[in-house]
Amino acid sequence: MKIRTLEQLNKQLSDKLVWRKKELSSLKAMIDWKSPSLDQRNVLLRSGITILYAHWEGFIKVAANSYLEFVAMQRLPYNQLSNNFIALAMKDQLDQARDTNKATIYCEVADFFITKLTERSRIKYENRIVTSNLSSSVFKEIVFMLGLDYSFYELKEVIIDEKLLAKRNKIAHGEYLDIDENDYDELHRQIISMMDHFRNQIDNCAATKQYCCNEDKLGQI
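The written sequence of each chain sets the order in which its residues are numbered from 1. Per-residue local features are limited, in this predicted model, to residues with pLDDT of at least 70; the limit for side-chain atom pairs, both in listing and counting, is 80 or more; totals at the level of whole chains, interfaces and linings are taken over all residues. Side-chain numbers here rest on the full set of heavy atoms in the structure, without hydrogens or water.

**Details of the pattern of salt bridges**
Where side chains of opposite charge bring their charged atoms close, a pairing between them can arise. Criterion for a salt bridge: a side-chain nitrogen of Lys or Arg within 4 Å of a carboxyl oxygen of Asp or Glu. Under the counting rule described, the total for this entry stands at eight salt bridges. A salt bridge links D196 to K21; its shortest N-O distance comes to 3.0 Å. In this pair, D196 sits in helix α8 (residues 181-207) while K21 sits in helix α1 (residues 6-32), placing the two residues 175 residues apart along the sequence. The cut-offs for exposure are 20% and 50% of the maximum accessible area for each residue type, with area from a 1.4 Å probe on protein chains only; residues under the lower value are buried, those over the upper are exposed, and the others partly exposed. The class of K21 is partly exposed, set by a relative accessible area of 26%. One network of salt bridges, with partners in common, ties together K28, D32 and D185. Starting at the N terminus, helices and strands are each numbered in turn, a helix being any DSSP run of H or I of at least four residues and a strand any DSSP run of E of at least two.

Structure representation (structure tokens):
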């Protein structure tokens, strides 16, 4: 079912986040349980890093694509979309023009800018946003693509790049890492916080129609 309403978007985000948080909480409870041996706890901690990353990347991907689908399903005219979504809608045409290098395609792009901004938008959204190897720089591009505020994440780039992604990659490639339990606890808290914040940003932007341009901008078009 397409995501057309705020209720559908909210449910999608909630469903996709709740089960991830439950699984992460269950894993943390296993790590906090002191009965396993030190070796067993180290295995759980290394597993915890990989699962934390998996849920971080997985949720960002599904949440971002869900919001993009919601905006696409509003079918607003291009000139009523915020700049980031106009740019995203035009990217396919620009990419086609670049790849073919045909004058006719460039003319179609020019025609779009001149005559078609009042038409209903068509935004490709299915699996549009890719999150593989989700570094802070990749995540920043996703945030800007959706028209969200990145400031909350600026001080968390070291957490994303060094404490989560780099360690996950080393573990995934078979390297041994000795993970400190207190460091894992803090990382768990930070990742949950960022997923919650990302979900709230999307909810708020959808509810307040931040994907639309403002009246002042409409008057200038």
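**Comments concerning helix α2 (residues 38-74)**
Counted at 1.5 Å a residue, the expected span for α2 with its 37 residues is 54 Å, and the 54 Å between its end C-alpha atoms agrees. Just downstream of α2 lies R75, where phi reads positive at about 50 degrees. To estimate how far a helix should extend, the number of its residues minus one is multiplied by 1.5 Å.

**Structural notes on unusual backbone geometry**
Of note, the phi angle at N127 is positive, near 50 degrees, even though the residue is not glycine. Mapped onto the elements, N127 comes out in the loop between α4 (103-115) and α5 (136-145). Its identity as a non-glycine residue notwithstanding, N133 has a phi of 55 degrees, on the positive side. Mapped onto the elements of the fold, N133 is located in the loop between α4 and α5. Its relative accessible area of 39% is what places N133 among the partly exposed residues.

**Concerning the confidence of the model for the protein chain**
Atom-level detail of predicted coordinates should not be read off regions where pLDDT is low. Note: pLDDT gives the predictor's confidence per residue, expressed from 0 to 100. Across the protein chain, the average pLDDT comes to 89, with 90% of residues at or above 70. In this description, contact between two residues means that some pair of their heavy atoms is separated by no more than 4.5 Å. Scored below 50 in pLDDT, residues 215-221 shows eight contacts in the model against residues more than four places distant or in partner chains.

**Observations regarding the environment of A172**
Within the element layout of this structure, A172 appears in helix α7 (residues 157-172). Residues A172 and S121 lie 51 residues apart in sequence; the distance between their C-alpha atoms is 41 Å.

**Here we look at the nonpolar core**
By nonpolar core is meant a set of buried Ala, Val, Leu, Ile, Met, Phe, Trp, Tyr and Cys residues that side-chain atoms within 4.5 Å join together. W56, Y67, F85, I123, F139, L146 and F198 are the most contacted members of the largest nonpolar core, which totals 62 residues. Mapped by element, the contributors of at least two residues to this core are α1, α2, α3 (83-100), α5, α7 and α8. The element best represented in this core is α2, accounting for 17 residues. When neighbours within four sequence positions are excluded, F85 is seen to be in contact with Y67, L68, V71, I123, M145, L146 and Y211.

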